[in-house]
Amino acid sequence: MQSWRRKALLLALSASWLLVLLGAFPLLRLAVPTRPRAGASQGWPRWLDAELLQSFSQPGELLEDAPELPQGPRGGSCDWGACFDASKCRGGGLKVFVYSAAGPVSETHRRILASIEGSRYHTSNAAEACLLLLPLTRDSSAGECSPVPPQWNGGRNHLVLSLHPAPCPRTFQLGQAIVAEASPTVDTFRHGFDVALPLLPEAHALRGGAPGQLRQHSPHPRVALLALAEERGGWHTAGTNFSACPWDGHCEQDHGPEQTHPGATLPNATFCLIPGHRPDASHFLQALQAGCIPVLLSPRWELPFSEVIDWTKAAIVTDKRLPLQVLAALQQMPLTRVLALRQQTQFLWDAYFSSVEKVIHTTLEIIQDRIFGASAHPSLLWNSPPGALLALSTFSTSPSDFPFYHVQQGSRPVGRFSALIWVGAPGKPPLKLIQAVAGSQHCAQILVLWSSEKPPPPRWPETAVPLTVSEGHRKVSDRFFPYNAISTDAILSLDAHSSLSTSEVDFAFVVWQSFPERMVGFLTWSHFWDEALGGWGYTAERANEFSMVLTSAAFYHRYYHTLFTHSLPEALRALADEAPTCVDVLMNFLVAAVTKLPPIKVPYRKQHQEARPPLAPEGRGPRPEPQPPVRNCINQMAAGFGHMPLVSSRLRLDPVLFKDSVSVLRKKYRSLEKP
Amino acid sequence: MCAAVKYSLRGPALIPRMKTRHRIYYVTLFSIVLLGLIATGVFQFWPHSIESSNDWSVEKRSIRDVPVVRLPADSPIPERGDLSCRMHTCFDVYRCGFNPKNKIKVYIYSLKKYVDDSGVPVSNTISREYNELLTAISDSDYYTDDINRACLFVPSIDVLNQNALRIKETAQALAQLSRWDRGTNHLLFNMLPGGPPDYNTALDVPRDRALLAGGGFSTWTYRQGYDVSIPVYSPLSAEVDLPERGPGPRQYFLLSSQTALHPEYREELDALQARHGPSVLVLEKCTNLSEGVPAVRKRCHRHQVFDYPQVLQEATFCMVLRGARLGQAVLSDVLRAGCVPVVIADSYILPFSEVLDWKRASVVVPEEKMSDVYSILQSIPQRQIEEMQRQKWGSVSNPLFLPLIPPQSQGFTAIVLTYDRVESLFRVITEVSKVPSLAKLLVVWNNQNKNPPEDSLWPKIRVPLKVVRTAENKLSNRFFPYDEIETEAVLAIDDDIIMLTSDELQFGYEVWREFPDRLVGYPGRLHLWDHEMNKWKYESEWTNEVSMVLTGAAFYHKYFNYLYTYKMPGDIKSWVDAHMNCEDIAMNFLVANVTGKAVIKVTPRKKFKCPECTAIDGLSLDQTHMVERSECINKFASVFGTMPLKVVEHRADPVLYKDDFPEKLKSFPNIGSL
């Protein structure tokens, strides 16, 4: 848009804003000629002989729909069925091969490669791949795109990905290739075939990514209502005192000072107006990150990942031809909707947009969903936290099978729990522990994972619940494998040396049922930033807060075994195998990254004797080399995740009458209090 | 706007189940067509509701008195449908901006009978279904009889079935409508498009820029963001009453009931039946029915005769295969019967796909995978099948769903409701002001007959203190969303609560930060089902469970003040003000209902004991008090139509509470007692 047009738009917006402030609607109504009203107004007539009206179709016509051969596609256009050969993708889901660059690898190309290699989609064998990915990047030397790749085949089963705008001139026709590009127009976009991407700035994080800026749910009273995207990249905020607005939105107007924020600062406003103009699209991501509700003033552009993301929950698409209506509608928007939109921007930013890796994985996940068809993610999984990249459709497509959607679904996690006991080096069967756990009314079964050099004893104690022993688990990460034998939603993860009473187990399980997405544990660690070392550290010392619970005694949902095994990068799991205490850190990182919440601590009688110091792991597999690798574990994890996901908590959940001075007979969990 | 959100979440009304006859079906149909348009963007924030206004005087006439319009043979014909039309190119938004409150207004052209030059009718004047659809629009809030204020125009020319009209002449009739203007902002409804031999998937009548709500669109004809896909109406489903069937296994796993199928599909079906035996039922047209039995209501398998559509209720999955047309009326029958549709029709745009997530209620299988359909369906987990059978399209959503721990620095606003106990009030103010995270103190002066003390008499505290005077002495004033509240956290506290320690209050705030969408309070209370009396009972102390907290001192998000004041269902608010009791129970109900979550009780505190108010405390232990509180629970449960309170067995204590650990190293050493 030329600058004069932009100025005109700004002027029009300001002018109409003023009109809204002045309550211009009565005026406007006067301006519309009213029709002389002759008598009462009239609706559609009630026909006296309506009973005689015929149906729109003859009886049987709907059934006798004459069979014909299905029609093929017309013209050169593509849809999924016509232009993609899904038969190549049988078994194992989507396998992606990335073409390597002919010449020197450009930075963008390197980032695309980096985010696919090591992921569950990657294959290095083009013959095995069902999708061939061709990154369109500016080749610094030639200034042209990569030449036609060897297996091009008219573009069939190809994904042409251009991450940044202004791509190089193409030397070939795209043909049947899926095009993934930033902000396509709705006119050329092939729905259900192409993929709309966000416009990423060159400096976008590779993985992890900056967190959303929203620090509180509701708009702060003194924050501006509107920000308008400026041509040169900044935001122009029109201040209006939101606190003067009662909750239903009728504001005492306070036309505050207007400010222009230069550069790339994030807008601090409730709504961000974005003129529908392609280079503005980076404003879209800024608004999303800032928790400022994007208001697109043109319906011309296909919003990113529109195939799966329900943008009506996070953004507003409108038309700049109606500035008056837009502003009035924004001003009158009920608080409930403002709240919901703002929160959704943050969820979407964090789930799909904050890093190059997430953008690329989302693109591939969309294509995989098309291949899966019936077993793809339902829309709920795409559009509510934690998002489809963390709710694996290979685990289930039923929301109730996951720990995240119970409140929304009005459902509860099913059944009782499975105790999973890891028996390490000393190889002593934990008989007391088995009896205590089997004594819980909530226990469904006990699985012993025997990982000692010694053979397991031939006989095990008689228990009220089934007990299964399985051997040959050498790696510590094996304890988080999604074993088929685990039939319940809840897992109680235990070490052979753990000591728990039946009462403790019972209470912890009941608490877990209220928080099925979190880990509920007995022993805790806390992490801290070590100024002296310039890195993260963690400690087992008892403190007023904690951020991790030990997996040597913790309840959590079985889905985390699937996530641990199938979504974590191989390198991180390898790290955990080298330094066994690292496995606790990794599991806590994983759950915190998914939930963004701290774990839950419940009371534990033997606290002081049992706290296993993180630097000297005991009774668990082969003892690792002393200090350095373990010390560094938390920092390597943080690097692998791209950020520090752990969240601290300052509370413990106790039984309602815990240690109260009343008769112990009143208490349900009385043995919890025995010294 | 609210309604739009609500309708896209709360599904059942969206499904054309036609439970209460045709009318509701058409109201729903039209509402969703509008919703479909809303999803396209331009209309997104227009307020919507489908309440019926119906304040029009309705004219009663005979259909035979409709004026006749003669179309000259050379009258203009519109351009063919413009496939490149999108909202920003073909739609005139200016027409939609005239009305107060930005309401979309729809105008219906009056009914005419169109004949050609030689007097031969162009089509049937109007079908029963189209008449009902137009009646539904006319009865809705969207309708206007003022053509100048209309945003959408609906012609009364019936194009539901392309076979029942003459294409060229119908197009001419459209073109002469008074506001036609190339079809801009005109909305046509069509259920049976195309005709032999090639069966186009969209209406063949030239219609230029008109929007089309059509049954049977394919990806090739559907203008995403412009057209709306609708289901093909099945008269059968509307006529036959089917009993509700809960989810669960049924006699047949997979059933096919369509009678006119392409031979290739028929072969595939027979092969399926041969492979999987009695769990698959493939029905055909009956050939040897006795006279008078309507063939549309029967299906046969070999010599066995089944009632249709009742037989659909006996199967878990029902096939919906494409015929010559993509949209099949059987889809409506199948949904109506609570059978999960298995849609095999490549490139078909499922009805309302802009606003409905079909993955939650159906299985779409590509045509080339038809032979694998049995194994594809077998791989669907039982839980998911049951969810599909329930046809759950949406779910409750917590208004504060983002996991977010608010920054501690923001602090909280304490709101003290007071009448005239000034001395006690001042003590509360002094005590609360010691809490480190207090940001502001708001006194709600609920006494209209007496002025609050002079400024100079109030305790001097380190945070701003404001006094708000109320117009009436009402309990609900405590939960009003005052502009003065700038923090997200609110501490509601009575003017006699002086026993809570500073540590206890600060800890309560910390707990609220970890659970910002819940009520966080001190003494907990419980509701129980009284089997003898067959109603709910209020329980106060020494229970192992809690389901409520008292709001004599409780932290919560200020959003709930807005909900309490403006969105409290039924007459609960006035009941509370009239009885001067139970405002806390009402708040507990409200929060639990909207979030689906339990309260958090903090610290051991079991009751609010204060030296000065023994009389009050005595009263609250009083039998009549308990009876009154029980009555409140029963009243609220009936207004909410459900018991939203959730029972839990835990409370929150500081991490090191009563642990063997040096007290001086604990963050909250002074937690107080019962």
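Predicted, not measured: the structure shown is a model, and the values here were computed from it.

Chemist: Would you mind going over the nonpolar core in detail, with residue names and values included?
Modeler: It is characteristic of soluble globular proteins that their nonpolar side chains tend to be buried jointly. The biggest cluster of nonpolar side chains holds 181 residues, and the ones touching the most others in it are Phe417, Val437 and Ile446 of chain A together with Phe636 of chain B. For Ile446 of chain A, the residues in contact, after removing those within four places along its chain, are Ala419, Ile421, Ile434, Val437, Ala438, Val465, Pro466, Leu467 and Thr468 of chain A. Among the nonpolar cores identified, the runner-up in size contains 74 residues, and Leu283, Val311, Leu331 and Ala337 of chain B belong to it.

Chemist: Describe the sheet that holds strand E8 (residues 228–229) of chain B, with residues and values.
Modeler: Residues and elements named next belong to chain B. Here we have three strands laid out as an open sheet, ordered E6-E7-E8, and parallel in their pairing. Taken across any chain shown, the strands that pair with only one partner, and hence form the sheet edges, are strand E6 (187–190) and E8. Bridge count between E6 and strand E7 (residues 211–214): four bridges; the pairing is parallel. Note that in E7 the partner of Asn190 across the bridge is Gly214.

Chemist: Explain the pairing of strand E14 (residues 340–344) of chain B residue by residue, including any values.
Modeler: All names here are of chain B. By the criterion of burial, E14 is predominantly enclosed, with five of the five residues buried. Here E14 shows no split at all, with Val340, Val342 and Ile344 on one side and Pro341 and Val343 on the other all buried. Pairing geometry for strand E13 (residues 315–321) and E14, over five bridges, is parallel. Across the sheet, the residue bridging to Leu321 is Ile344, located in E14.

Chemist: Could you give me a rundown of unusual backbone geometry, with the residues and numbers involved?
Modeler: Here the amide bond leading from Pro385 of chain A into Pro386 of chain A is cis, since omega sits at 5°, within 30 degrees of zero. Mapped onto the secondary structure, Pro386 of chain A falls in the loop between helix H9 (379–383) and helix H10 (406–409). With an omega of 10°, the peptide bond running from Tyr308 of chain B to Pro309 of chain B counts as cis. Turning to its location among the elements, Pro309 of chain B is positioned in the loop between strand E12 (304–307) and E13. The backbone of Asp208 of chain B sits at a positive phi, close to 55°, despite the residue not being glycine. Relative to the helices and strands, Asp208 of chain B is located in the loop between E6 and E7. Assessed through its relative accessible area of 4%, Asp208 of chain B is described here as buried.

Chemist: Go over the interface of chain A and chain B with me, naming the residues and quoting the values.
Modeler: The partner chain B presents 153 residues to the 137 residues of chain A that form the contact. Summed over both sides, the interface between chain A and chain B buries roughly 13300 Å², with carbon and sulfur atoms accounting for 55% of that surface. At the boundary of chain A with chain B, the tally comes to 10 salt bridges. Ionic pairing is found between Lys668 of chain A and Glu649 of chain B, a salt bridge with its closest N-O pair at 2.8 Å. In this assembly, chain A and chain B are joined by 53 residue pairs in polar contact (both at pLDDT 80 or more). For the side of chain A that touches chain B, the element with the highest residue contribution is helix H7 (residues 335–353) of chain A, accounting for nine residues. In the side of chain A that touches chain B, the residues fall into 65 nonpolar, 37 polar and 35 charged. Alignment of strand E1 (residues 46–47) of chain A against strand E1 (residues 60–61) of chain B, held across two bridges, turns out to be parallel. The residue of E1 of chain B that forms the bridge with Trp47 of chain A is Arg61 of chain B.

Chemist: Describe the sheet that holds strand E18 (residues 524–530) of chain A, and please don't skip the residues or the numbers.
Modeler: Residue and element names in this part refer to chain A. The sheet built from three strands is open, its strands ordered E19-E18-E20 with antiparallel pairing. Two strands lie at the open edges of the sheet, namely strand E19 (535–539) and strand E20 (548–549), each paired on one side alone. By the bridge criterion, five bridges tie E18 to E19 in an arrangement that is antiparallel. Residue pairing across strands places Asp530 opposite Gly535, the latter belonging to E19.

Chemist: Requested: an account of the state of the cysteines, with residues and values cited.
Modeler: All names here are of chain B. For the coordinates displayed, the defined rule picks out seven disulfides over all chains. The side chain of Cys286 participates in a disulfide bridge whose partner is Cys300; the two sulfur atoms lie 2.0 Å from each other. Here Cys286 and Cys300 share a disulfide; its torsion about the S-S bond, 105°, makes the bridge right-handed. Taken together, the residues Cys286 in the loop between strand E10 (280–282) and strand E11 (298–301) and Cys300 in strand E11 connect sequence positions 14 residues apart. Comparing Cys286 with Cys300, the two get one shared label, buried.

Chemist: So, helix H17 (residues 623–640) of chain B: which residues are in play, and what are the values?
Modeler: All names here are of chain B. Taking 1.5 Å of rise per residue, 18 residues should cover 26 Å, and H17 covers 26 Å from first to last C-alpha, within 8% of that figure. Within H17 the residues assigned to the buried category are His625, Met626, Arg629, Ser630, Cys632, Ile633, Asn634, Lys635, Phe636, Ala637 and Phe640. Gly641, located one to two residues past H17, shows a positive phi value of around 75°.

Chemist: I'd like a description of the pattern of salt bridges, backed by residues and values.
Modeler: Scanning all chains against the criterion turns up 47 salt bridges over all chains. With a shortest N-O distance of 3.0 Å, Arg207 of chain A and Glu357 of chain A are connected by a salt bridge. Linking Arg207 of chain A in the loop between strand E6 (195–197) and strand E7 (224–229) with Glu357 of chain A in helix H8 (residues 356–372), this pair joins segments that are 150 residues apart in sequence. With its nearest N and O atoms 2.8 Å apart, the salt bridge here joins Asp495 of chain A to Arg479 of chain A. Placement of Asp495 of chain A in strand E16 (residues 490–495) and of Arg479 of chain A in the loop between strand E15 (467–471) and E16 is noted, with a sequence separation of 16 residues between them. For Asp495 of chain A, a relative accessible area of 0% puts it in the buried group. Through salt bridges with shared partners, one network takes in Asp401, Asp489 and Arg558 of chain A together with Arg383 of chain B.

Chemist: Which residues make up the environment of Lys601 of chain A, and what values go with them?
Modeler: All names here are of chain A. If you trace the backbone, Lys601 turns up in strand E22 (residues 600–601). For the pair Lys601 and Ala554, spaced 47 residues apart in the sequence, the C-alpha separation amounts to 9.2 Å. Reaching out from Lys601, the side chain makes a polar contact with the backbone oxygen of Phe522 at a distance of 2.8 Å.

Quick notes on the rules
- Residues numbered from 1 in each chain as written.
- Chains lettered and ligands numbered in written order.
- Predicted model: local features only at pLDDT ≥ 70, side-chain atom pairs only at ≥ 80, totals over all residues.
- Heavy atoms only, no water.
- Core = buried A, V, L, I, M, F, W, Y, C linked by side-chain atoms within 4.5 Å.
- Buried < 20%, exposed > 50% of the residue type's maximum accessible area, 1.4 Å probe, protein only.
- Contact = heavy atoms within 4.5 Å.
- Pairing = 2+ DSSP bridges.
- Helix = DSSP H or I, 4+ residues; strand = E, 2+ residues; numbered from the N terminus.
- Buried area = accessible area lost by both parts, 1.4 Å probe.
- Salt bridge = Lys/Arg side-chain N within 4 Å of Asp/Glu carboxyl O.
- Polar contact = N/O pair within 3.5 Å; in protein donor to acceptor, adjacent residues only side chain to side chain.
- Nonpolar A, V, L, I, M, F, W, Y, C, P; charged D, E, K, R; others polar.
- Disulfide = S-S within 2.5 Å.
- Expected span 1.5 Å × (residues − 1).

Remember that the coordinates give geometry; whether it matters functionally is a separate question.
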